[in-house]
Amino acid sequence: MTDDKVLETGKETQLHVGFVNSVKASLETAKNKTAGVRKTDAQLFIANVVSPAAATLLAGITAAIGGNQIFQQAAAQTNDGGWRLACILVAIFGFIATVSGVFKKQFEDRLARGNQCVGRLLALDLAIKTGSSEWEQAAKEYGEIVKTFPEIVS
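Not measured: the values here are computed from a predicted model. (Residues numbered from 1 in each chain as written. Predicted model: local features only at pLDDT ≥ 70, side-chain atom pairs only at ≥ 80, totals over all residues. Heavy atoms only, no water.)

## Structural notes on the side chain of Asp-41
To keep things clear, this is the line we draw: A helix here means a DSSP run of H or I that spans at least four residues, while a strand means a run of E at least two residues long, and both kinds are numbered starting from the N terminus. Exposure categories follow from relative accessible area, calculated using a 1.4 Å probe and restricted to protein chains: below 20% of the type maximum is buried, above 50% is exposed, and the middle band is partly exposed. Contacts are assigned to residue pairs that have any heavy atoms within 4.5 Å of one another.
Within the secondary structure, Asp-41 sits in helix α1 (residues 3–65). Of the residues examined, Asp-41 reaches a relative accessible area of 9% and is grouped as buried. When neighbours within four sequence positions are excluded, Asp-41 is seen to be in contact with Lys-104, Phe-107, Glu-108 and Leu-111.

Below is the structure:
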């Protein structure tokens, strides 16, 4: 082997190592961002279930027992204070349910994109590790992933 071939092979190896590190870094970033979105999505799911249930339960109990009976301290302070407090609480729970439902939909979409990105990066990483993909093909796939999911991998 000539010195030029050795240098060329060394540069190529460095490029491959750099490429592999870029894929791994992007995969780690995508996993972390997707995990954060998954956590927020789970919290929104809980809020989206608990808030309307709490509003319905509070409205039903208040109607059955009476607002002034349930919230006696509020009733003692003003005329119909217990009913007002019950209505305010039901409205707040309803508002939380509405807002969390809107954000839940947005986070579901983000989570789906994040999972798709992580899946593609995992497949690419596996193809690189097993050598089942040519470097040019792997680089092209990585470029498509970065182009498709810039908000997730960067």
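## What to know about the pattern of salt bridges
Heads up, the rule is: The salt bridge criterion pairs a side-chain nitrogen of Lys or Arg with a carboxyl oxygen of Asp or Glu, the two atoms within 4 Å.
Considering all chains together, one arrives at seven salt bridges under this definition. Glu-141 serves as the salt-bridge partner of Arg-120, at 3.2 Å between the closest nitrogen and oxygen. Of the two residues, Arg-120 sits in helix α4 (residues 81–130) while Glu-141 sits in helix α5 (residues 135–148), which places them 21 residues apart along the sequence. When its relative accessible area of 24% is taken as the criterion, Glu-141 is described as partly exposed. Note that Arg-120 is salt-bridged to Glu-144, the shortest N-O span being 3.8 Å. Of this pair, Arg-120 sits in helix α4 while Glu-144 sits in helix α5, placing them 24 residues apart in sequence.

## Section: the nonpolar core
Test applied: Only buried Ala, Val, Leu, Ile, Met, Phe, Trp, Tyr and Cys residues count toward a nonpolar core, and they belong to the same one when joined by side-chain atoms within 4.5 Å.
One finds Cys-117, Leu-121, Leu-124, Ile-128 and Ile-145 to be the most contacted residues of the largest nonpolar core, which totals 16 residues. If you list the elements that add at least two residues to this core, you get α1, α4, α5 and α6 (150–153). The contacts of Leu-124, once residues within four sequence positions are left out, are Val-23, Ala-138, Glu-141, Tyr-142 and Ile-145.

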